[in-house]
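# Summary of the model geometry
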Amino acid sequence: MGSAGGVSAARRREVLDALRRGAVPAVGLDLLAVGLDRFERAATEDIAAVAAGGSVFKAVRGEYGSGKTFFTRWLAERAKKAGLAVAEVQISENETPLHRLETVYRRLTERLTTATFPPSALRQVVDGWFYALEEDVLATDAAAGVNAEVLDRAVAELVDRRLADVARTAPAFAAALRGYRAALAGGDEATAAAVLAWLGGQPHVAASARRAAGVRGDLDHFGALGFLQGLLAVLRDSGFRGLLVVLDEVETLQRVRSDARDKALNALRQLIDEVHSGRFPGLFLVITGTPAFYDGPQGAARLAPLAQRLATDFTADPKFDNPRAVQLRLPGFTEASLVELGGRVRDLYTAGTSGAGVGRIERLADDAYLRELAGAVAGRLGGKVGVAPRLFLKKLVGDVLDRVDQFDDFDPRRDYPLTLTSAEMSDLERNAAATRADDIDLDLG
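Here's a quick rundown of the structure.

Analysis parameters
Every chain is numbered independently, its residues counted from 1 as its sequence is written. The model is predicted, so local features are restricted to residues of pLDDT at least 70 and side-chain atom pairs to those at 80 or more, both for listing and for counting; the totals for chains, interfaces and linings are taken over all residues. Based on all heavy atoms of the structure, the side-chain values leave hydrogens and waters out of the count. For helices the rule is a DSSP run of H or I covering at least 4 residues; for strands it is a run of E covering at least 2, with both sets numbered from the N terminus onward. Relative accessibility decides the category of a residue: with a 1.4 Å probe and only protein chains considered, values under 20% of the type maximum give buried, values over 50% give exposed, and everything between is partly exposed. Method for areas: the Shrake-Rupley scheme with a 1.4 Å probe, in which residue coverage is limited to the protein chains shown. For the purpose of counting charges, residues Lys and Arg are taken to be positive, whereas Asp and Glu are taken to be negative. His and the chain ends are not included. Charge positions are represented by NZ for Lys, CZ for Arg, CG for Asp and CD for Glu. Here, expected helix span is obtained from the residue count minus one, scaled by 1.5 Å. We call two residues in contact whenever any of their non-hydrogen atoms come within 4.5 Å of each other. The working definition used for a salt bridge is a side-chain nitrogen of Lys or Arg within 4 Å of a carboxyl oxygen of Asp or Glu. The pairing test for Phe, Tyr and Trp rings, Trp by its six-membered ring, is centres within 6.5 Å, and the orientation test on the planes gives stacked under 30 degrees, edge-to-face over 60, and tilted for anything in between. Paired strands, in this sense, are two strands between which DSSP finds at least two bridges.

A separate point is the overall build of the protein chain. The helix and strand inventory of the protein chain stands at 20 helices and 5 strands. Along the first, second and third principal axes, the C-alpha set of the protein chain runs to 80 × 55 × 40 Å. By the burial criterion, 50% of the 445 residues in the protein chain qualify as buried. Accessible surface computed for the protein chain: about 20,000 Å², of which carbon and sulfur atoms make up 50%. Averaging the locations of the 56 positively and 61 negatively charged side chains of the protein chain gives two centres separated by 3 Å.

Rendered as C-alpha cells:
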C-alpha cells in the first residue's frame, strides 16, 4: 500500500480533487485501497502471467456500491505500472451491447489508454509499432544504408511476417495497417485518419478511404475477435506487455430482450473460451457483475456452459475466499473499513498541509469524528454502509477537511450539519436514501 508521506504534490492534489467531485481518482488508488490487500498477491501473479505471454480471465462479483469499479481501476493502475495497456468498457443495452462484439471492440479502442497516453491511445500505439518495425529493419546488417524505398519494402514485408497468424483470421486488419502507412507516406492525413478509424472498428468510414486501404464494409461481430488478436500483436511489438480489458456492469444483460440476452451470454462464453484456448496471448479479461447476474435465472444460469465456467464456491466464510479463483467476491465496506479509508484520506490531506493546520486537522477530524461522519452518511442512506463511501469521502474532503484547513475557528462538530441533497446523489444512493427511517439521529454535534 502507498504511503501518504511519499506522495508527490501533483498526485495528492489529483486524488483529493477527484474525491471533492465525488469521483474515483484516475491515479493513486493504491493510497485508498482498503481491504484489497487479500487480492494483491494473486493480482501480481496474474499480471506477470499476462506480461509473459499468457492470458487470464477473472469475474468480479459484488453488490451495487461494493467497489467493483474501484477494484478494476486499482487493478488497471497496477497493470499500467507493469507495462500493460488498459481499456475499460461499460456494457449497456443501447451503447455497448455485449452480443455485438464489434461494438465492444470499438469501445475498447476508444477507451484504450497506457501509462503515457490517455484515451484513445490507438494512434500512438500504431505509430509506435511502425517506428519499432523500422528500427528492427535498420538494425539488420543487410539494411545498412538503405534508401527510403527499400526501407518501405522491408517494413511492409516485416508487417506481413508479424501479422501472419492474425492475417489467417483477420486479413483486413493487416491490410488496414498497410493502408494507413501508405496514406501517411503519401501525405494524405485525412485518409490515414479514416483508415485508422476503420481499424478501430468505427462504422461509416468513407468508401474512398476503405478503397485506398483495400478493405471493404464495416467490422462485424465475427471479425472483432480477429481484430482484437491483431491489436494484441501490435501492442506486443510496440513495447507493451499486454492488455487489460474490463467489461463493466455485465449484469445489464438481464434487462435486455431474451434473444439478445442469450446471444450476449453466448458471446461471453465464447470470449472466455478463446482466452483459455491461448488465442489471445497478452490479454487479461475482467468482467464485473452483481450476484444476481452470476446466480440468478436471468443471468449466467440461462446458459449452462457459461455458468459452469464461472462457478465458484462461496459457501465458506468470506475470509477464506480464494483470490486465485475464476470469480472474486468483493466484501463491500463496513463502518470500520469506512473509518480506515477516511483516516487514509485525512493523512493524505495533512501530508500536503504545513504548520498548525496539521495538528488542527488531526484533532478536529480524529478517528472518533470519522466514525460519527461515516455513521451519519450511512444513516442518511438507510443504514447501507456499502453505498456510503463516495458521499462520505466527498463530504470529508470538501465540507470538513477543506474548512478546517482554511478557517481557524471552524469546528465540524459544532459548525457542520451534514446535508445530502438528491442532486448530488447517484440513482443507487437516492434509492438507498428513500428507504431510511425517519427517526435516524444524524446530529454530529
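With 15 residues, helix H2 (residues 37–51) extends 21 Å from end C-alpha to end C-alpha; this agrees with the ideal 21 Å at 1.5 Å per step. Of the surrounding elements, those touching the buried residues of H2 are strand S1 (56–61), helix H3 (68–81), strand S4 (283–289) and strand S5 (327–329). Positive phi appears at Gly53, one or two residues downstream of H2, with a value of about 105°.

Under the definition given, this model contains 37 salt bridges. Here Arg162 and Asp237 are joined by a salt bridge, their closest N and O atoms 3.4 Å apart. Residue Arg162 is found in helix H6 (residues 148–162), and its partner Asp237 is found in helix H11 (residues 221–237); the two are separated by 75 residues along the sequence. Using a relative accessible area of 31% as the deciding quantity, one classes Arg162 as partly exposed. Between Arg257 and Asp259 there is a salt bridge whose closest N-O contact spans 3.1 Å. If you follow the salt bridges from partner to partner, you end up with Arg13, Asp17, Arg20 and Asp402 in one network.

With that settled, consider helix H4 (residues 101–110). Counting buried positions along H4 yields 9 of 10 residues, so the element is predominantly enclosed. When H4 is considered as a whole, its buried residues turn out to be Leu101, Glu102, Thr103, Val104, Tyr105, Arg106, Arg107, Leu108 and Thr109.

For the rest of this paragraph, the subject is the side chain of Asp46. Note on placement: Asp46 falls in helix H2. Those residues in contact with Asp46, other than ones at most four positions away along the chain, are Val56, Lys58 and Phe284.

Before going further, it helps to spend a moment on the packing of aromatic side chains. Tallying each qualifying case throughout the model produces 8 aromatic pairs. Their ring planes at 75° and their centres at 5.3 Å tell us that Phe39 and Phe71 sit as a pair that is edge-to-face. Of the two residues, Phe39 is situated in helix H2 and Phe71 in helix H3; the sequence distance between them amounts to 32 residues. Comparing Phe39 with Phe71 shows no difference in burial state: the two are buried. Where Tyr105 meets Phe227, the ring centres are 5.8 Å apart and the plane angle is 85°; that geometry is what we call edge-to-face. Taken together, the residues Tyr105 in helix H4 and Phe227 in helix H11 connect sequence positions 122 residues apart. The class for Tyr105 is buried, based on a relative accessible area of 3%. Assessed through its relative accessible area of 4%, Phe227 is described here as buried. A connected cluster of aromatic rings, assembled from ring pairs, spans Tyr105, Phe173, Trp198 and Phe227.

Moving on, we get to the pairing of strand S3 (residues 243–248). In terms of burial, S3 is a largely internal element, 6 of the 6 residues being buried. Of the two faces of S3, both are covered, the one formed by Leu243, Val245 and Leu247 as well as the one formed by Leu244, Val246 and Asp248. When strand S2 (residues 85–90) meets S3, the two strands line up parallel, connected through 6 bridges. By the bridge assignment, Gln90 is partnered in S3 with Asp248. Note: S3 against S4, 5 bridges, orientation parallel. Bridging across to S4, Leu247 finds its partner in Ile287.

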